[in-house]
2 protein chains.
Amino acid sequence: MLSREQLIAQIKQKRSFLCVGLDPDLDKIPEFLKGYPDPIFEFNKRIIDATKDLCVAYKPNSAFYEAYGIKGLQSLISTSKYLPADTLNIIDAKRGDIGNTSDKYAKAFFDDSDSGMDFDAITITPYMGNDSVTPYLKYDGKWVIILALTSSVGSKDFQYSEVDGGFLYETVIKKSNTWAGADRIMYVVGATKSTEFTNIRAHAPDNFLLVPGVGAQGGSLEDVCKYGMTKDCGLLVNSSRGITYAANGPDFADAARAEALKLQQQMEQELALAGII
Amino acid sequence: MLSREQLIAQIKQKRSFLCVGLDPDLDKIPEFLKGYPDPIFEFNKRIIDATKDLCVAYKPNSAFYEAYGIKGLQSLISTSKYLPADTLNIIDAKRGDIGNTSDKYAKAFFDDSDSGMDFDAITITPYMGNDSVTPYLKYDGKWVIILALTSSVGSKDFQYSEVDGGFLYETVIKKSNTWAGADRIMYVVGATKSTEFTNIRAHAPDNFLLVPGVGAQGGSLEDVCKYGMTKDCGLLVNSSRGITYAANGPDFADAARAEALKLQQQMEQELALAGII
């Protein structure tokens, strides 16, 4: 578990605000791993070992594990146990349901007594409002990362609806930001819309933003920093496929490290430019 | 798998549009079941046996299984395999993510080759728009049930935002209703807001509505039917706790049946009143 202060300290120490997305796909992982009892965990383990000094967060996407049923869940549990103690470990689950159901999802991902999983943070979809978020906040020190503006095509359908003279995603930030402080709430903000950061920062000046769209999805790190960075950094920039599938031979972990290192070096520059390190 | 025509035929034959929610909780199920290797499945099995002639749909809520980790997922898989072929079997998962992730969730719940689960329908949260819905529609004959208006306190936060001279939930229906026909898309509509049905029917005249709020959450079946019923019925009314926790002794399945029967009899009256049977 990382508090806001600890997260900021990690960013300064590692000179990085990189989040590595762990979205494994049996069709894409190196052939030699398939002989292991749990190929997905073996894949993740090697990616984690190769990148943990270069990133401050990991983000397994639940769907990629759920698709494999019991075996997939076992891989996710093993991965969650293997994640370092000094990274922010996010389950990208995009859950969102009424209070008594959110209680159960919170138990699944935040309380390892029955589920075996103890993540630090969870991504949440805001459509059902307050009671779909607050159950997670009952867990001391855990984070909720609320979808605000996403980088997908479908973001145009509802997130840009005009509400109160602004966009729906602004209403989502304005309202949800009253439910807890910037030490408990982050927002998902799509990096392909860099010019929107200014707008978002008007409503969420201090919150960390989880930016999923750099790398395979095509956002620019420079723009993200220009518009989204705060004096505490305030950014976690994710790369999944760009790192984990940099190569698919026996050298895949080295290739992943090389890609992570490139991003870390760019991030170090940005942090220095902003006077944070 | 049930097509729209088959669902309507089932409703007429069983004289019921009842959906039984399967949200098991180890703290609430009868003591004697706890000696079985899979108490949750044993509980569900008995509920299903006791109610299957009285309902046309079952709806396990994924969170209640996920909370128990591997054991919970095993209970959900066993339950999914046990669900009758002549009911619409809905996984209440409220997923919602970008296209490549939704592909994985669709595989998890609609394709039993790896996951062991083959549900007929899934509940989806619409915040991320089109590409968070369409991947499920690639599965022939499967249904997507989109959250429109929910019965929770938090529904006021965003669903009632004013958009285009109406409410956000109306925009959700209007737009998503163009992505597929009423043979593939249903909507979740909270029953505590019966007067809103008229409004919803203006945008979704033919779609089935899944109404979660009757019973423990307090909606009125009469109002739901008055405002929401179509010539094809067009309603699935859910009851979870009101049925499954009607008693918690050895007679729990009989008590569940008695509660389901009460609802079925009220539904039969409503169907007759509307001239559907």
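Residues numbered from 1 in each chain as written. Chains lettered and ligands numbered in written order. Predicted model: local features only at pLDDT ≥ 70, side-chain atom pairs only at ≥ 80, totals over all residues. Heavy atoms only, no water.

Going by an unreviewed UniProt entry, chain A carries the name Orotidine 5'-phosphate decarboxylase and comes from Mucilaginibacter myungsuensis. As its UniProt record puts it under Sequence similarities (unreviewed entry), chain A is described as follows: "Belongs to the OMP decarboxylase family. Type 2 subfamily." For the record of chain A, the UniProt heading Pathway (unreviewed entry) holds the text "Pyrimidine metabolism; UMP biosynthesis via de novo pathway; UMP from orotate: step 2/2." (UniProt positions renumbered as here; feature names shortened; annotations may be inferred.)

(A) Just the packing of aromatic side chains, in detail. Residues and elements named next belong to chain A. This structure, assessed with the given rule, holds 20 aromatic pairs over all chains. Three or more aromatic residues link up through ring pairs in this structure, and these residues are Phe32, Phe43, Tyr245 and Phe252. The positively charged end of Arg46 is found above the aromatic ring belonging to Tyr36, 5.1 Å away from the centroid. (Phe/Tyr/Trp six-rings, centres within 6.5 Å; stacked < 30°, edge-to-face > 60°. Lys NZ or Arg CZ within 6 Å of the ring centre and 35° of its normal.)

(B) View of the relation of the copies chain B and chain A. Relative to chain A, chain B is turned by 180° and slid 0.0 Å along the rotation axis, the superposed coordinates differing by an RMSD of 0.0 Å. Considering both components of the superposition, the chain copies are consistent with a two-fold axis. A high fraction, 100%, of the interface residues of chain B reappear at the interface in chain A, so the copies pair face to face through one surface. (Least-squares fit on C-alpha atoms with pLDDT ≥ 70 in both. Contact = heavy atoms within 4.5 Å.)

(C) Local environment of the UniProt feature "active site" (unreviewed entry) in chain A. Within the UniProt annotation, "active site" (unreviewed entry) is assigned to A:Lys94. In this fold, A:Lys94 is placed in strand β3 (residues 88-95). If we skip the residues at most four places from it in the chain, A:Lys94 touches A:Thr123, A:Ile124, A:Thr125, A:Leu147, B:Lys94, B:Gly96, B:Asp97 and B:Met128. (Helix = DSSP H or I, 4+ residues; strand = E, 2+ residues; numbered from the N terminus.)

(D) View of the pairing of strand β1 (residues 18-22) of chain A. Residue and element names in this part refer to chain A. Burial runs high along β1: five of the five residues are buried. Of the two faces of β1, the one holding Leu18, Val20 and Leu22 and the one holding Cys19 and Gly21 are both buried throughout. As paired elements, β1 and strand β10 (residues 235-239) share three bridges and run parallel to each other. Following the sheet pairing, Val20 is matched in β10 by Ser239. Alignment of β1 against strand β2 (residues 57-60), held across four bridges, turns out to be parallel. Counted as the bridge partner of Cys19 is Ala57 from β2. The parallel pair β1 and β2, bridged by helix α2 (residues 39-51), forms a crossover whose chirality is right-handed. (Buried < 20%, exposed > 50% of the residue type's maximum accessible area, 1.4 Å probe, protein only. Pairing = 2+ DSSP bridges. Right-handed = clockwise from strand over helix to strand, strands pointing away.)

(E) A look at the sheet that holds strand β9 (residues 209-211) of chain A. All names here are of chain A. Strand order around the closed barrel formed by eight strands is β1-β2-β3-β4-β5-β8-β9-β10, with parallel pairing between neighbours. Neighbouring strand axes in the sheet, compared pairwise and without regard to direction, differ in orientation by 30° on average. Direction of pairing for strand β5 (residues 143-149) relative to strand β8 (residues 185-189): parallel, over a ladder of five bridges. For Leu147, the partnering residue across the bridge sits in β8 and is Val188. Helix α5 (residues 99-110) rests against β3, β4 (121-124) and β5 of the sheet, and its axis sits at about 150° to β3. (Axes fitted to C-alpha atoms, helices over the stretch in contact; angles between N-to-C directions.)

(F) Here's a closer look at the pattern of salt bridges. Going through the model one piece at a time under the given rule, you end up with 36 salt bridges over all chains. We note a salt bridge from A:Lys107 to A:Asp114, for which the minimum N-O separation is 2.6 Å. The class for A:Lys107 is buried, based on a relative accessible area of 18%. The class of A:Asp114 is partly exposed, set by a relative accessible area of 40%. Salt bridges here are not isolated pairs; linked through shared partners, they connect A:Lys59, A:Asp92, A:Lys94 and B:Asp97. (Salt bridge = Lys/Arg side-chain N within 4 Å of Asp/Glu carboxyl O.)

(G) Representation of the sheet that holds strand β2 (residues 57-60) of chain B within the structure. All names here are of chain B. The strand order β1-β2-β3-β4-β5-β8-β9-β10 describes a closed barrel built from eight strands, whose pairing is parallel. The average undirected angle you get between the axes of adjacent strands in this sheet is 30°. Here strand β3 (residues 88-95) pairs with strand β4 (residues 121-124) via three bridges, running parallel. Each bridged residue has a counterpart across the sheet, and for Ile91 the counterpart in β4 is Ile122. In the packing of helix α10 (residues 196-203) onto the sheet, contacts are made with β5 (143-149), β8 (185-189), β9 (209-211) and β10 (235-239), and the angle to β9 comes to roughly 155°.

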